[in-house]
Amino acid sequence: MPERRSARPHVHKFGGASLADGAGLARAAAILSRQPAPRVVVASAMAGVTDALLAGAREAAAGNPDALRRVAQTLRQRHLDAAAHALRRAAERRTAVAAIEQAFAELDTLAHALSILRELTPRSSDHIVARGERLSARLVAATLACVSVPVEFVDATEVVRTNGAFGNAVPDLAATDRAVRARLAPLLARGVTPVVPGFLGRAPDGATATLGRGGSDLTATILARALRAVEVTLWKDVPGFLTADPRIVPEARVLPRLDRREAAELAYYGAKVLHPRALIPLAGRAVPIRLRAFNDPEAPGTEVSQRRPLPGYPVQAISSVTRQTMITVAGNGMLGVPGVAARTFGALHQEGISVSLISQASSEHSICFTVPEETADRARAALESAFGEEIRRGEIDGVETLPGLATIAVVGLGMSGTPGISAQIFTALARGGVNVVAIAQGSSELNVSFVVDAEQAAAAVRRIHGTFQLDRIGGGGVEAPATTDVVLLGFGQIGRELTRMLPRARSRSAELRIVAVIDRAGHVFDPKGLSPRRLTALAAAKAAGRDLARAPGGQATPGALHSLSDIARHALTRPILVDLTADDTTLTLRRALESGMHLVLANKRPLAGPRAAMLALQTLADSRGLRILHETTVGAGLPVIDTYYKLVESGDRVLSIEGCTSGTLGFVLSEIGRGRLFSEALTRAMSHGYTEPDPRDDLSGLDVARKALILGRLLGFPGELSDVAIESLVPPAARRLTREEFIGQLTRFDADWQRRAAVARAAGQVLRYVSRATARRVEVGISAVPASSPFAALEGTDNQLIFVTRRYKNNPLIVTGPGAGPAVTAAGVLNDLQRLASLESREI
């Protein structure tokens, strides 16, 4: 059954980098053969061919004809090699070889003529370079024929009409429309794919004229306009428009969609993906342009069209132009004098100098603007000549130049009417220590442009890109100043208790909004926040033993790191990751910091793990301006870490910290001290939820050792967990048992504990599990403390820490209170969250 063809064709343009060799030609043919008909193809010259021909022609005109001959020989062989690789059928190969030989043989005669005339006119230059596009288009057509695509080469001079301005010709759109339809429409109707050289057109006298920079893209949109194409695809060596230059911002991402005005602004300010001239023919036409990656043809690329951008994402991208010079014309004689601006820019126009940015105060005391550095001297001379009389009379102070600058443009159609864009831009620059030299902004706010020192340009772009989170899904909006997004890593008892506390919490700073919860199986995420009702339902499901991956909206992942990576792809407002697990989460925490998240830790392992890894996390946080708070890693809700820092910040020095920091062991030993059997005391602790699932994890002393090591590292202890002296309360005979076997044999250990308690009681002492931390030593173990010790008064799960400092040496500072249980730990986590939210809101 014959293929049904739409009346509207699809125009495909391939750039010189894509068609650089035989492999590129073959890939282009493969891509085109998969595209629906009808289609039109526009081809650029092979990469580097146009520049090589121009350089050789200039050398010949300077009296060195051999230079152009050498260029011709090199390019001839390059085209022959490409033909040999791409053309599998002998007939197409013979025709292509003949065209290549003829094109470059002619250059020998031209080289001789140029060396005699000693002149290279724009007309001659266009005639010479045109063979690059023509040969490339012929090779594309031949390659398509080899894969059985009906195809015909159509020279651009047959369809594109211009004004004849050689070197930078302007297309006559009305005449071109008629010529295109007359020549190409019959081919398309027959199912033939026309292949047209880009960059070229016909002058009124019939000569070949080139269209200037971006000419091949322009050819594609000219043909699309005339044929009312369904779409124009520009196959590039880049994946599309990016949010920033990836050489400056490696994490820049491809923009899925841009308005034509946004694309034009970005193209003008340095994004060389698409020349603004290519957009002109499609003004008022519903023909989208799609930029796609030649090396990744399945990627969607960027659509440039008239569709309005999605609301809520006003900032689209950042572009920059370096090597700029600022020129200032200033003087009291300019105040209220009409025509000064016209004379200024008229003088530049006569010199053919393009202005990048203009800034003028309402007083008209001065006009400043930027121009490319290479034109600055000519611009200054032109202005000094134009205002010579005023300068002599002192009415104008003179013309000043400031080189070494860069112009940066923040672009987005949705910026109009969105409050806070400019404030956020310049706040970001101020925080980064970037000085703004000049600012220009139109009332539409499509483009906010400013000038900075060239050495600060990269930092400025990175700052703004990061502030608007343009590398994230949903980035480009203004941060809500009253919101802080929270991601919970771990959704056990503490996490569920925290979700119950948050709605009742009162804060004068930013609202804390849980956007994601993660467990080992997956996560649930909503960038707009998880409602209290939804969190309650998730908590109930988790309490019933169901994984988050099976919850409504849940996503299954191989682990927490993958879940966090998925979540981090989205734009969040001042995000905080809360680690409520008991796992080694160092890699996940590192990923969170790299994604711009603050950390709140209830998990001791990352801080009590290898010292190098712990220091690396802190160094990474410092480098990103992020904070790691971990109050609940030692005393649950007690202000232990906060007390330490307040002492140090006041100028005191902490010499040692001694404490009872296990609510579980505190409860068990208190019960034994009252005469209860060990088996009964441990069973009661388990029933209250004070212990780990395997109570030997508490009895081993390892949890207390981690807390002590965290405190020791605050004091300067350089060791690892293996350097901590730990006394385990798990009998050697019980270490090899299963959990169930150990719990079933608890009564075996009652007699030994009764004896130890009786010995202590006889000496007027009580048993406590105590940690001691100094800069030199960290140890944990059971101690028989006298009745006069503060530790002796501890009851139940209460914790107590004793700070010995220079100021509190004879009468140490003591912190006492509940040290176990989900509620007090969740309260401590909430306190850290509120502190971070408050600090962040003050910095807005």
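Summarised in this report is the structure supplied together with it.

What counts as what
Residues numbered from 1 in each chain as written. Predicted model: local features only at pLDDT ≥ 70, side-chain atom pairs only at ≥ 80, totals over all residues. Heavy atoms only, no water. Helix = DSSP H or I, 4+ residues; strand = E, 2+ residues; numbered from the N terminus. Buried < 20%, exposed > 50% of the residue type's maximum accessible area, 1.4 Å probe, protein only. Phe/Tyr/Trp six-rings, centres within 6.5 Å; stacked < 30°, edge-to-face > 60°. Salt bridge = Lys/Arg side-chain N within 4 Å of Asp/Glu carboxyl O. Core = buried A, V, L, I, M, F, W, Y, C linked by side-chain atoms within 4.5 Å. Contact = heavy atoms within 4.5 Å. Pairing = 2+ DSSP bridges. Axes fitted to C-alpha atoms, helices over the stretch in contact; angles between N-to-C directions. Right-handed = clockwise from strand over helix to strand, strands pointing away. Arc of directions from axis to C-beta. 1 Å grid on protein atoms, 1.4 Å probe; cavity = no way out; pocket = protein on both sides within 12 Å on 5 of 7 lines; lining within 4 Å. Points joined across faces, edges and corners; volume = space filled by probe spheres on them. Nonpolar A, V, L, I, M, F, W, Y, C, P; charged D, E, K, R; others polar.

**Overview of unusual backbone geometry**
- Following Ala 37, the chain continues to Pro 38 via a peptide bond in cis, the omega torsion being 0 degrees.
- Structurally, Pro 38 is set in the loop between α1 (22-33) and β2 (39-43).
- Despite not being glycine, Arg 118 shows a phi value in the positive range, around 55 degrees.
- By the secondary structure assignment, Arg 118 is in the loop between α4 (90-117) and α5 (122-146).
- Although it is not a glycine, Ala 636 adopts a positive phi angle of roughly 55 degrees.
- The topology assignment puts Ala 636 in the loop between α20 (632-635) and α21 (640-649).
- On the basis of relative accessibility, which here comes to 5%, the residue Ala 636 falls in the buried class.

**Brief notes about the packing of aromatic side chains**
- Taken as a whole, this structure holds 8 aromatic pairs when the rule is applied.
- Geometrically, the ring pair formed by Tyr 644 and Tyr 645 is edge-to-face, given 5.2 Å between the ring centres and 75 degrees between the ring planes.
- A relative accessible area of 37% places Tyr 645 in the partly exposed class.
- Here the aromatic residues Phe 14, Trp 235 and Phe 294 are joined through ring pairs into a cluster of three or more.

**Quick word on the pattern of salt bridges**
- Scanning the entire structure with this criterion turns up 44 salt bridges.
- Close ionic contact of Arg 513 with Asp 485 constitutes a salt bridge, the shortest N to O distance being 2.7 Å. Of this pair, Arg 513 sits in strand β18 (residues 511-518) while Asp 485 is found in strand β17 (residues 483-489), placing the two residues 28 residues apart along the sequence.
- You can call Asp 485 buried: its relative accessible area is 1%.
- Among the ionic pairs, Asp 519 bridges to Lys 542, the shortest N-O distance being 3.1 Å. Highlighted residues: Asp 519 in the loop between β18 and β19 (522-525) and Lys 542 in helix α15 (residues 532-543), separated in sequence by 23 residues.

**Regarding the nonpolar core**
- Grouped together as the largest cluster of nonpolar side chains are 97 residues, with contacts concentrated most on Phe 14, Leu 184 and Phe 241.
- Top contributing element to this core by residue count: α5, with 11 residues.
- Excluding residues that lie within four positions of it along the chain, Leu 184 makes contacts with Val 40, Val 154, Val 159, Pro 194, Leu 223 and Leu 227.
- Formed by 72 residues, the second largest nonpolar core is a distinct cluster that contains Leu 617, Tyr 644, Val 704 and Val 730.

**Considerations on the sheet that holds strand β7 (residues 231-236)**
- Strand order across the open sheet formed by 8 strands is β3-β4-β2-β1-β7-β9-β10-β8, with mixed pairing between neighbours. Every interior strand has two partners, whereas the edge strands, β3 (151-153) and β8 (257-259), have only one. Taking the axes of each pair of neighbouring strands and ignoring which way they run, one obtains an average angle of 20 degrees across the sheet.
- Lying over the sheet, α1 contacts β1 (10-14), β2 and β7, oriented at roughly 165 degrees with respect to β1.
- Against the sheet, α5 touches β2, β3 and β4 (193-197), its axis set at about 160 degrees to β4.

**Brief notes about the pairing of β1**
- In terms of residue burial, β1 counts as a mostly covered element, since 5 of its 5 residues are buried.
- Sheet analysis places β1 next to β7, joined by 5 bridges and oriented parallel. The residue of β7 that forms the bridge with Lys 13 is Leu 234.
- Once you follow β1 into α1 and on to β2, the crossover reads as right-handed.

**Notes on the pairing of strand β9 (residues 289-293)**
- Most of β9 is tucked away, with 5 of its 5 residues classed as buried.
- Alternating positions in β9 separate into two faces, Ile 289, Leu 291 and Ala 293 on one and Arg 290 and Arg 292 on the other, with burial throughout.
- Where β7 lies against β9, 5 bridges are found, and the strand directions are parallel. Bridge pairing in β9 links Thr 233 to Arg 290.
- Judged from the 3 bridges that link them, β9 and strand β10 (residues 302-305) form a sheet pairing that is antiparallel. From the neighbouring strand, Arg 290 faces β10, where its bridge partner is Glu 303.

**As for helix α10 (residues 376-386)**
- All buried positions along α10 are accounted for by Ala 376, Ala 379, Ala 382 and Leu 383. Take α10 and look down its axis: the buried residues cluster within an arc of 130 degrees, on one side only. For α10, exposure combined with an orientation more than 90 degrees from the buried face picks out Asp 377 and Ser 385.
- At its buried positions, α10 is contacted by β11 (317-330), α9 (340-350), β13 (366-372) and β14 (398-411).

**Let's talk about the sheet that holds strand β23 (residues 628-629)**
- Strand order in this open sheet of 7 strands is β20-β19-β18-β17-β21-β22-β23, and the pairing throughout is mixed. Two strands in the sheet have a free side with no partner beyond their single neighbour: β20 (554-556) and β23.
- Across 7 bridges, the pairing between β17 and β18 is parallel. Bridging from a neighbouring strand, Val 486 pairs with Ile 514 of β18.

**Side note on empty space enclosed by the protein**
- Within this structure, the stated rule accounts for 1 cavity of 30 Å³ or more.
- At the level of elements, α22 (663-673) and β26 (765-773) are the ones that each hand at least two residues to the lining of the largest cavity.
- With 3 residues, α22 is the single largest residue contributor to the lining of the largest cavity.
- Class assignment for the residues of the lining of the largest cavity results in 5 nonpolar, 3 polar and 1 charged.

Just geometry here; none of it tells us what the structure is for.
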